[in-house]
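Breakdown of the fold
Spelled out from the first residue to the last, the chains are:
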Amino acid sequence: MTSKLKIKMGHVEFEYEGDAQFDADAIKDLFSHLESLVGITPAAAFNTLSNSASTTAAGSAGDAALTTLNMAVGTIAARLSVSSGPDLVIAAAAYLQIGQGMASFKRADLLSAMQSATAYYKASMGGNLTAALKSLVGSKRLNELTGSAYSLTAAEQTSLRSRLEAE
């Protein structure tokens, strides 16, 4: 049986889906831990930024983890060596979430961003978008949110940031 757990306390959010069963003590421990994070972590550490490549939530240029990327989808696709539809979906998602600062995005936003990468986009990718999204959600690279919205998983976002900022 699959269990789902989603907790949001202030700017801290925890989401889990898997086979684990939760008992009351484990839930209390998790709440206690999240409560301690809310108390010690500044809210600015969780802010999403606008389209500025040099501004961070703390207001300085020194915190690369919070810096948005000022790149087009085609540039992101080139840096990620895109070779398939799902790869281009991830490049478009990185553009929307990391580059544009969107917390989540709709399928239409993804398709439009994919189409803007004219050197990589093929019409068949648009036709196969449903399958690509299902595959990326299944492989835990994208989160499927309510209302047909998507977002990069935290692990995928961290991986993409390090790959894109290293270049």
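Residues numbered from 1 in each chain as written. Predicted model: local features only at pLDDT ≥ 70, side-chain atom pairs only at ≥ 80, totals over all residues. Heavy atoms only, no water.

1. Observations concerning the overall build of the protein
The secondary structure content of the protein amounts to seven helices and five strands. For the protein, the N- to C-terminal ordering of α and β elements is β-β-α-α-α-β-α-α-α-β-β-α. For the protein, the residues scored as buried account for 33% of the 167 residues in total. Across the protein, every contact between residues at least 6 apart in sequence was considered, and the portion connecting residues at least 24 apart equals 45%. For the protein, the exposed area adds up to about 9500 Å²; of that, 52% sits on carbon and sulfur atoms. (Helix = DSSP H or I, 4+ residues; strand = E, 2+ residues; numbered from the N terminus. Buried < 20%, exposed > 50% of the residue type's maximum accessible area, 1.4 Å probe, protein only. Contact = heavy atoms within 4.5 Å. Areas by Shrake-Rupley, 256 points an atom, 1.4 Å probe, with all protein chains shown as cover.)

2. Thoughts on the sheet that holds strand β4 (residues 142-144)
Strand order across the open sheet formed by three strands is β3-β5-β4, with antiparallel pairing between neighbours. At either margin of the open sheet sits one strand with a lone partner, and together these are β3 (105-106) and β4. Pairing of β3 with strand β5 (residues 149-152), which is carried by two bridges, proceeds in the antiparallel orientation. The residue of β5 that forms the bridge with Phe 105 is Tyr 150. Of the strands in this sheet, β3, β4 and β5 are in contact with helix α3 (residues 85-99), which crosses β5 at around 90 degrees. (Pairing = 2+ DSSP bridges. Axes fitted to C-alpha atoms, helices over the stretch in contact; angles between N-to-C directions.)

3. Considerations on the packing of α3 against helix α6 (residues 129-138)
Relative orientation of the contacting elements α3 and α6 amounts to 75 degrees, with a least axis distance of 9 Å. Classified by the interaxial angle, the pair formed by α3 and α6 is roughly perpendicular. Residues Pro 86, Val 89 and Ile 90 of α3 form the contact with α6, whose own contacting residues are Leu 129, Ala 132, Leu 133 and Leu 136. A per-class count over the contact of α3 with α6 returns seven nonpolar, no polar and no charged. (Parallel < 35°, antiparallel > 145°, perpendicular 65-115°, else oblique. Nonpolar A, V, L, I, M, F, W, Y, C, P; charged D, E, K, R; others polar.)

4. Remarks on the nonpolar core
Counting 31 residues, the largest nonpolar core has Leu 88, Val 89, Leu 110 and Leu 142 as its most contacted members. Those elements giving two or more residues to this core turn out to be α2 (73-79), α3, α4 (107-116), α6, β5 and α7 (154-166). The dominant element in this core, judged by the number of residues it contributes, is α3, at nine residues. When neighbours within four sequence positions are excluded, Leu 110 is seen to be in contact with Val 89, Ala 92, Ala 93, Leu 96, Phe 105 and Leu 133. (Core = buried A, V, L, I, M, F, W, Y, C linked by side-chain atoms within 4.5 Å.)

5. A word on the pattern of salt bridges
Following the criterion strictly, the structure yields two salt bridges and no others. Glu 165 is the partner of Arg 161 in a salt bridge, and the nearest nitrogen-oxygen pair spans 3.8 Å. Separated by four residues within a single helix, Arg 161 and Glu 165 lie in helix α7, roughly one turn from each other. (Salt bridge = Lys/Arg side-chain N within 4 Å of Asp/Glu carboxyl O.)

6. Here's the deal with the confidence of the model for the protein
The share of residues in the protein with pLDDT of 70 or more is 67%, and the mean pLDDT across the chain is 77. Long-range and interchain partners of residues 40-66, a stretch whose pLDDT sits below 50, account for 41 contacts in this model, where long-range means more than four residues apart. (pLDDT = per-residue confidence, 0-100.)

7. Description of α3
Helix length check: α3 (15 residues) gives 20 Å between terminal C-alpha atoms against 21 Å at 1.5 Å per residue, within 8%. For α3, the full list of buried residues reads Gly 85, Leu 88, Val 89, Ile 90, Ala 91, Ala 92, Ala 93, Ala 94, Leu 96, Gln 97, Ile 98 and Gly 99. (Expected span 1.5 Å × (residues − 1).)

8. A few points about the environment of Glu 15
Note on placement: Glu 15 falls in strand β2 (residues 12-18). In this structure Glu 15 comes out as partly exposed when scored by relative accessible area, which is 46%. Each C-alpha atom of the pair Glu 15 and Lys 4 lies 7.7 Å from the other, and the pair is eleven residues apart in sequence.

9. As for the environment of Ala 94
The residue Ala 94 is located in helix α3 in this model. Residue classification places Ala 94 among the buried positions, given a relative accessible area of 0%. When the C-alpha positions of Ala 94 and Leu 152 are compared, they lie 7.5 Å apart, and in sequence the two are 58 residues distant. Apart from residues no more than four positions distant in its own chain, Ala 94 is found in contact with Ile 76, Gly 99, Leu 152, Leu 160 and Leu 164.

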